[in-house]
Amino acid sequence: MNPPSEAMQPTIHQEESAQIVPINRKSAKSSTSTKSIEAFGLKAPRKKGKNYVLDTNVLLHDPACLERFQENHICILVDVLAELDKFKSEQSERGANARRVHRKLTSIFAAGDIPTKGIATEGGGTIRLVVYDPASCPDNSEQLKQFYRIFPDRDRVDHRILAACFLIQQHNPGSYVALITKDINLQLKARAVQVGCEDYLNDKVDAREVSNYEVHRVEVDSAELHRFASSGSIDVEEDRRRGLSINEYVLLCCGDKQTIPARLQADGAFVRLNIPEVLKIPDGQSLKPLNLGQRCLIDALLNPDISLVTCYGHAGTGKTLVAVAAGLHEMFNRKYNGITVSRPVVSMGDQMGFLPGSLDEKMRPWLQPIHDALDLLMRPNVPLGPKRKQTKTTGVPAKKPYESLMEQGILEIEALCYIRGRSIPNRFFILDEAQQLTPQEAKTIVTRMSRDSKLVLVGDPAQIDNPYVDSRSNGLVYTRNRLKDQAFTAHIALNRGERSELAEAGAHLM
């Protein structure tokens, strides 16, 4: 029998081909997984640089944060984009920031490149979108498997962000990966499962600037102190004023008992405080400073060369009352066309829901502390004790002294909701509870001030009700930190309560 021809013996070759098919499938599977990793943004465009995963609250807090990571890689999950979409229709600063982030990302990715592969930034880094899909990464690390057991709920955005951090870390061995968030609870979760986590610190001030309320002391000899007392001005060496800011208030000391308060001018000279004995308000009460801090505050409020005054002080130190009294004093002396007093609408505790009435009636509960200060200062001098009941002549209640000024537009008491777009010329503008502002809101207010206006920001950095800021990142401390050492700014810290012994004890002991 003749041997089979070559055309008749492909069997062995076919069997060999069939044996290596599984190897080809595995290779194809690995190739598909690699493509998914790259297509989902899990791998950085290059090894150099750190990988920072941004949480939603960071983008809402500072839309310009996309430009602040220099040569590093910014990762934004598509889940974060979905969360931003929930806020974009809000008519608030948070809604405006969400829209700014959307516009910024759209302009970055408008070049046509694939967003998940990374787009170069001006600082030398990259920004890319990341898609979290656990099915695309079957070879999960042991850390990620353990994370799934600890946090089985994969529908929560916080858990998806943490899982994405694990995946990015898994596919970028040797590179630093960190989650950037202002959510304290998410920071605790990240640390619990050993995910790198950092706070967004770009607009945070040094902790010492918030905690230090003491007046700086400058040592002088007796001859210098006497010369300052007689002339009202003195120059000292640069070494003795090192670390002081322009318009900072100090105590010139000769020993422990001889002290005189002074203010450091832009030319390096210390000058004496220029304040009246009392702040006189026509047909109202006169206010006399009760301590050194209040005297320094009044000096800054009455100084025409200082257009921005920031003031820290815990409850009962008189920061709002002194600011309003100085504003009324200047207005009645025709230094300004009017006075505006405002505060942010941020509540402490549970809200009461919608309030009935007109806009003024709705805002009255929020602005009541300002009405209380005005009522106290503009109340005519009347003897204390029970009053004789007077016969009603009309059903119209008597107007309060400041209400006629409000009707003339000289005095304004309003919330901050409608300040965007305004230009405020020749006004004495007081913003109470400024620690409730975000840095972006504080910038909006500062940029509203026109020529010949004075802006006064007062508040207590320790009393924060706004969930998006803290004692080191709120608008009050941010404004003071960014604008200090300017010739037109001054800062005062009040550390002595004057409301009552009870209020002072409560502020320190409770």
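Before any of the text, the structure's been laid out above.
All values reported here derive from a predicted model rather than from experimental measurement. (Residues numbered from 1 in each chain as written. Predicted model: local features only at pLDDT ≥ 70, side-chain atom pairs only at ≥ 80, totals over all residues. Heavy atoms only, no water.)

S.K.: What am I meant to see in the sheet that holds strand 8 (residues 233–235) here?
M.R.: Within a sheet, neighbouring strands are paired by backbone hydrogen bonds and run either parallel or antiparallel to one another. Strand order in the open sheet made by the 5 strands is 7-9-10-11-8, with mixed pairing throughout. What marks the edges here is a single partner per strand, and that holds for strand 7 (216–219) and strand 8. Averaged over neighbouring strand pairs, the angle between their axes works out to 40° when direction is ignored. Note: strand 8 against strand 11 (residues 269–272), 3 bridges, orientation antiparallel. Among the inter-strand pairings, D235 is bridged to a residue of strand 11, identified as A269. The strands that helix 11 (residues 292–302) touches are strand 9 (249–254) and strand 10 (258–264); relative to strand 9, the one it contacts most, it runs at about 125°. (Pairing = 2+ DSSP bridges. Helix = DSSP H or I, 4+ residues; strand = E, 2+ residues; numbered from the N terminus. Axes fitted to C-alpha atoms, helices over the stretch in contact; angles between N-to-C directions. Contact = heavy atoms within 4.5 Å.)

S.K.: Hey, could you run me through the nonpolar core in this one?
M.R.: By size, the foremost hydrophobic cluster in this structure holds 51 residues, and its most contacted members are I127 and F147. With 9 residues, helix 7 (residues 157–170) is the single largest residue contributor to this core. With sequence-adjacent residues up to four places away left out, F147 is seen in contact with H159, L162, A163, F166 and V193. Judged by nonpolar contacts, the second largest core, of 40 residues, contains I306, V341, M378 and L405. (Core = buried A, V, L, I, M, F, W, Y, C linked by side-chain atoms within 4.5 Å. Buried < 20%, exposed > 50% of the residue type's maximum accessible area, 1.4 Å probe, protein only.)

S.K.: Before we go on, may I ask you to explain the packing of aromatic side chains in this structure?
M.R.: In this description, an aromatic ring pair is defined by two values, namely the gap between the centres and the angle between the planes. Throughout the structure, instances matching the rule amount to 7 aromatic pairs. Arranged with centres 5.3 Å apart and planes meeting at 45°, the rings of Y52 and F69 form a pair that is tilted. Of this pair, Y52 sits in strand 1 (residues 51–54) while F69 sits in the loop between helix 3 (56–61) and strand 2 (73–77), and the two are 17 residues apart along the sequence. Judged by relative accessible area, Y52 falls into the buried class, the value being 9%. Owing to a relative accessible area of 11%, F69 belongs among the buried residues under this scheme. With a centroid separation of 5.3 Å and an interplanar angle of 50°, the aromatic rings of F147 and F151 are classed as tilted. Taking relative accessible area as the criterion, F147 reaches 2% and is therefore assigned buried. (Phe/Tyr/Trp six-rings, centres within 6.5 Å; stacked < 30°, edge-to-face > 60°.)

Interpretation in functional terms is not warranted from these geometric data alone.
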